[in-house]
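Secondary and tertiary structure notes
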Amino acid sequence: MQKLIVILLAFSAGFSIMSFELLGGRMLAPYFGSSVYVWGSIITVFMLALSLGYLTGGKLSVKQPSLAKFASIFVVAALAILPSIFYSEQLFELVFAWIEDPRYGSLVAATLVFLLPSVVMGMISPYSVRLLTVSTQSSGQTAGFLYFISTLGSAIGTIMTSFYLVLWMEVSQILWFIFAILASCAVLAFATFTLTNKTTSQLACNAVVSE
């Protein structure tokens, strides 16, 4: 069950990252337009954030990895989304007033709003790899499979957001939807951790009694 849960969480993280990235263009457009400069800024910020997230998540996964710690990453990711819901417009207006060049203005604005949440979401993939790796011989296969799952989630998140969600909901509603996904993943991970520990403790007690 733990393996299936980790796979589902990796998929959800991939979905959330790409949905968030696509919304970035829509959020910046009223202030800086939707030119190649703006999309270049968004992609640069997300790629940099994900690289930092992969590095940080990999280091964090070395120190006694557990589903409880995995759940905490989703909690932080969900909380990191909140400023983009409540304060993104004010930040964009300030940057727009200070920096007239749409190239650098969009880069600064994207960094302020999208960098931190993307770094945290980037931590999820390497941590999930560590949770499922049982031996050094299978580590490469495990990493490849989980990055496949995460990328598949990203592809579906891209299609769903660009084809459907932007037609059905406002930007703020989609952001709340992403928040709900991340928060639900945190609850699911922690519940699985609790259930697994309870089952392990019960089996240990039964083994002692039988002896």
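Anything mentioned here points back to the structure above.
What you see is a predicted model, and the numbers here were worked out from it, not measured in a lab.

Notes on the environment of Val-166
Of note, Val-166 is situated in helix α7 (residues 139–168). With 144 residues separating them along the chain, Val-166 and Leu-22 place their C-alpha atoms 9.8 Å apart. In contact with Val-166, not counting residues within four places along its chain, are Arg-26, Thr-161 and Ile-174.

Considering the nonpolar core
With 56 residues, the main nonpolar core has Phe-20, Leu-28, Phe-70, Phe-74, Phe-92, Phe-114 and Leu-182 as its most contacted residues. Breaking this core down by element, the ones donating at least two residues are α1 (2–32), α2 (36–61), α3 (67–86), α4 (88–98), α5 (102–122), α6 (124–132), α7 and α8 (171–210). Per-element tally for this core: the top contributor is α1, with 14 residues. Not counting residues within four places of it along the chain, the set of residues in contact with Phe-92 comprises Met-27, Leu-28, Tyr-31, Phe-32, Ala-109, Val-113 and Phe-114.

Some remarks on the packing of aromatic side chains
With the rule as written, the count across this model stands at 17 aromatic pairs. Ring centres of Phe-145 and Phe-148 lie 6.5 Å apart, and the angle between their planes is 35 degrees; on these two criteria the pair is classed as tilted. Of this pair, Phe-145 and Phe-148 both sit in helix α7, 3 residues apart, which is roughly one turn of that helix. Seen from their ring centres, Phe-163 and Tyr-164 are 6.3 Å apart, and the 65 degrees between their planes marks the pair as edge-to-face. The class of Phe-163 is partly exposed, set by a relative accessible area of 48%.

A look at unusual backbone geometry
For Gln-64, which is not glycine, the phi torsion reads 45 degrees and is therefore positive. Its location among the elements puts Gln-64 in the loop between α2 and α3.

Re the environment of Tyr-87
One can find Tyr-87 in the loop between α3 and α4. The exposure class assigned to Tyr-87 is exposed, which follows from its relative accessible area of 52%. C-alpha separation for the pair Tyr-87 and Gly-157, spaced 70 residues apart in sequence, amounts to 24 Å.

Section: α3
Because an α-helix packs 3.6 residues into every turn, residues spaced three or four apart end up facing the same way. Here α3 is 20 residues long and its end C-alpha atoms lie 30 Å apart, about the 28 Å a rise of 1.5 Å per residue gives. Taken together, the buried positions of α3 are occupied by Leu-67, Phe-70, Ala-71, Ile-73, Phe-74, Ala-77, Ala-78, Ala-80, Ile-81, Leu-82, Ser-84 and Ile-85.

Concerning the packing of α1 against α4
Between α1 and α4, the least distance of the axes is 10 Å, while the angle of their chain directions is 35 degrees. Along this stretch, α1 crosses α4, giving a crossing that reads as right-handed. The segment α1 lies against α4, with Met-27, Leu-28, Tyr-31 and Phe-32 engaging Ser-88, Glu-89, Phe-92, Glu-93, Val-95 and Phe-96. When grouped by side-chain class, the residues that make up the contact of α1 with α4 number 7 nonpolar, 1 polar and 2 charged.

Points about the side chain of Thr-161
Inspection of the secondary structure puts Thr-161 in helix α7. At a separation of 2.8 Å, a polar atom in the side chain of Thr-161 contacts the side chain of Ser-19. Every residue in contact with Thr-161, bar those within four places of it in the chain, is listed here: Ser-19, Leu-22, Leu-23 and Val-166.

What counts, and where the lines are drawn
Residues numbered from 1 in each chain as written. Predicted model: local features only at pLDDT ≥ 70, side-chain atom pairs only at ≥ 80, totals over all residues. Heavy atoms only, no water. Helix = DSSP H or I, 4+ residues; strand = E, 2+ residues; numbered from the N terminus. Contact = heavy atoms within 4.5 Å. Core = buried A, V, L, I, M, F, W, Y, C linked by side-chain atoms within 4.5 Å. Buried < 20%, exposed > 50% of the residue type's maximum accessible area, 1.4 Å probe, protein only. Phe/Tyr/Trp six-rings, centres within 6.5 Å; stacked < 30°, edge-to-face > 60°. Expected span 1.5 Å × (residues − 1). Axes fitted to C-alpha atoms, helices over the stretch in contact; angles between N-to-C directions. Left-handed = near helix turned anticlockwise from the far one by under 90°. Nonpolar A, V, L, I, M, F, W, Y, C, P; charged D, E, K, R; others polar. Polar contact = N/O pair within 3.5 Å; in protein donor to acceptor, adjacent residues only side chain to side chain.

That's the geometry; what it means functionally is another story.
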